[in-house]
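# Structural features, examined
One letter stands for each residue in the lines below.
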Amino acid sequence: TMLHTQAELAIEGRPFSEVLSEEDLSLIQPYIDYCLSLKKISDIAETERQVQILGEKCWGTIDFLAITGPRLTIVDLKTGIMSGDFLIQLMAYALGALKEFNFVGIESVHLVIIQPAVSPEPIIPRTTPDELWRFEKELKQIIEMAEDKNPQFRTGAHCRWCNASSIWVAAF
């Protein structure tokens, strides 16, 4: 989004390319501050890093990624009031980062959600590479089930993100 782009510019030390309202700034400043503080102490820090999670079938773009010693941190900015299980999304991103960078020395993974419209404080669940490798097996099974000739469909609130939602919701 435009706000993500402006936050990325700020983290990279470049000026905003758009005029931002006070409300816009309130939605991205906590994220910018968090990422800049992490960037200062990290061995590697990147914005908008695209990762392959399960090859071309499953990929994503990490808002901010940092490696600080044996810790991998994945930071995701949510600018609106959204509900849902963002942990799965961040676990997938972390899995992609582990695989792509071949992080042999990573011992812990912090999955940070910054959602200023909901809370001034970041949410920081933690996991391990071993848990992410187990998650990869589950993810592969889910994709295989979805690609089955006769998949089982489960409609729900999550369908709002799917381009085919109007077709499936009407069919069920």
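Our subject is the structure listed above.
My aim in this report is to walk through the structure given alongside it, one point at a time.

Analysis parameters
- Residues numbered from 1 in each chain as written.
- Predicted model: local features only at pLDDT ≥ 70, side-chain atom pairs only at ≥ 80, totals over all residues.
- Heavy atoms only, no water.
- Salt bridge = Lys/Arg side-chain N within 4 Å of Asp/Glu carboxyl O.
- Buried < 20%, exposed > 50% of the residue type's maximum accessible area, 1.4 Å probe, protein only.
- Helix = DSSP H or I, 4+ residues; strand = E, 2+ residues; numbered from the N terminus.
- Pairing = 2+ DSSP bridges.
- Contact = heavy atoms within 4.5 Å.

Looking now at the pattern of salt bridges. A full pass over the atoms with the stated rule returns five salt bridges. The residue glutamate 12 makes a salt bridge to arginine 14 at a minimum N-O spacing of 2.7 Å. Assessed through its relative accessible area of 34%, glutamate 12 is described here as partly exposed. Taking the shortest distance from any N to any O, the salt bridge between glutamate 100 and arginine 49 comes out at 2.5 Å. Here glutamate 100, found in helix α3 (residues 86-101), pairs with arginine 49, found in strand β1 (residues 44-52); they are 51 residues apart in sequence, far enough to count as distant. By relative accessible area, which is 34% here, glutamate 100 ends up partly exposed. The class of arginine 49 is partly exposed, set by a relative accessible area of 22%. Salt bridges here are not isolated pairs; linked through shared partners, they connect Glu46, Arg49 and Glu100.

Let us look at the pairing of β1. With eight bridges joining them, β1 and strand β2 (residues 59-68) adopt antiparallel strand pairing. Bridge pairing links threonine 47 to phenylalanine 64 in β2. Following β1, the chain reverses through six residues before pairing antiparallel with β2; glycine 55 in that reversal takes a positive phi of roughly 65°.

The next thing to look at is the side chain of aspartate 76. Within the secondary structure, aspartate 76 sits in strand β3 (residues 71-77). Discounting residues that sit within four places of it in the chain, aspartate 76 has contacts with Asp63, Gln89, Leu90, Tyr93, Val112, Ile113 and Ile114.

A few words on helix α1 (residues 2-11). The buried count for α1 comes to seven of 10 residues, which makes it a mostly enclosed element. Elements that come into contact with the buried residues of α1 comprise α2 (22-41), β1, β2 and β3. In the segment just after α1, glycine 13 is the residue with positive phi, at about 80°.

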